[in-house]
Amino acid sequence: IEADMKLWWPHNEAQYALLLAWAQTGRQDIADWFEKVNDYTFSHFPDPDPEQGEWFGYLNRDGSRPWTAKANGWKGCFHLPRVLHRCYMLLSEKN
């Protein structure tokens with residue numbers, strides 16, 4: 001993994017951190033940042049093939065995929081489901 005790559009887990013953590021910050025403050029600038037990070041994350045990391053599923057773990061800085069493998073020995077299944085669940089719960093509380 002190269003130092004300038006985008007990784008799935010910091011994007012996942014940023015989604016929840018921004019959503020939590022917005023829920024606590026109600027600030028529109030934080031909501032805007034959440035939308036940017038969320039839109040980028042969901043438009044680049046998930047595999048577009050519904051048969052294959054899963055997210056790609058790593059992207060180049062330009063958003064392209066450096067390889068077709070979705071994981072290596074370091075990518076686990078912890079961050080994505082936890083963050084999606086926490087975001088869902090936080091949004092459910094706000095409604």
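What you see is a predicted model, and the numbers here were worked out from it, not measured in a lab.

Comments concerning unusual backbone geometry
- Despite not being glycine, E54 shows a phi value in the positive range, around 65 degrees.
- Mapped onto the elements, E54 comes out in the loop between α2 (28-44) and β2 (58-59).

Some points on helix α3 (residues 79-94)
- Between the first and last C-alpha of α3 there are 22 Å, a value that for 16 residues agrees with the 22 Å anticipated at 1.5 Å per step.
- Looking at the buried side of α3, the elements it contacts are α1 (8-25).

What to know about the side chain of R82
- Tracing the backbone shows R82 in helix α3.
- A polar contact of 2.2 Å, which involves the side chain of R82, links it to the side chain of E13.

Side note on the nonpolar core
- By size, the foremost hydrophobic cluster in this structure holds eight residues: M5, L7, W8, F45, W55, Y58, L59 and L80.
- Judged by nonpolar contacts, the second largest core, of seven residues, contains Y16, L19, F34 and V83.

So, the pattern of salt bridges
- Within this structure, the stated rule accounts for three salt bridges.
- For the salt bridge of E13 with R82, the shortest nitrogen-to-oxygen distance reads 2.2 Å. Linking E13 in helix α1 with R82 in helix α3, this pair joins segments that are 69 residues apart in sequence.
- Exposure remark for E13: the relative accessible area of 25% places this residue in the partly exposed category.

About the criteria used
Residues numbered from 1 in each chain as written. Predicted model: local features only at pLDDT ≥ 70, side-chain atom pairs only at ≥ 80, totals over all residues. Heavy atoms only, no water. Helix = DSSP H or I, 4+ residues; strand = E, 2+ residues; numbered from the N terminus. Expected span 1.5 Å × (residues − 1). Contact = heavy atoms within 4.5 Å. Polar contact = N/O pair within 3.5 Å; in protein donor to acceptor, adjacent residues only side chain to side chain. Core = buried A, V, L, I, M, F, W, Y, C linked by side-chain atoms within 4.5 Å. Buried < 20%, exposed > 50% of the residue type's maximum accessible area, 1.4 Å probe, protein only. Salt bridge = Lys/Arg side-chain N within 4 Å of Asp/Glu carboxyl O.

All we've got here are geometric facts, nothing functional implied.
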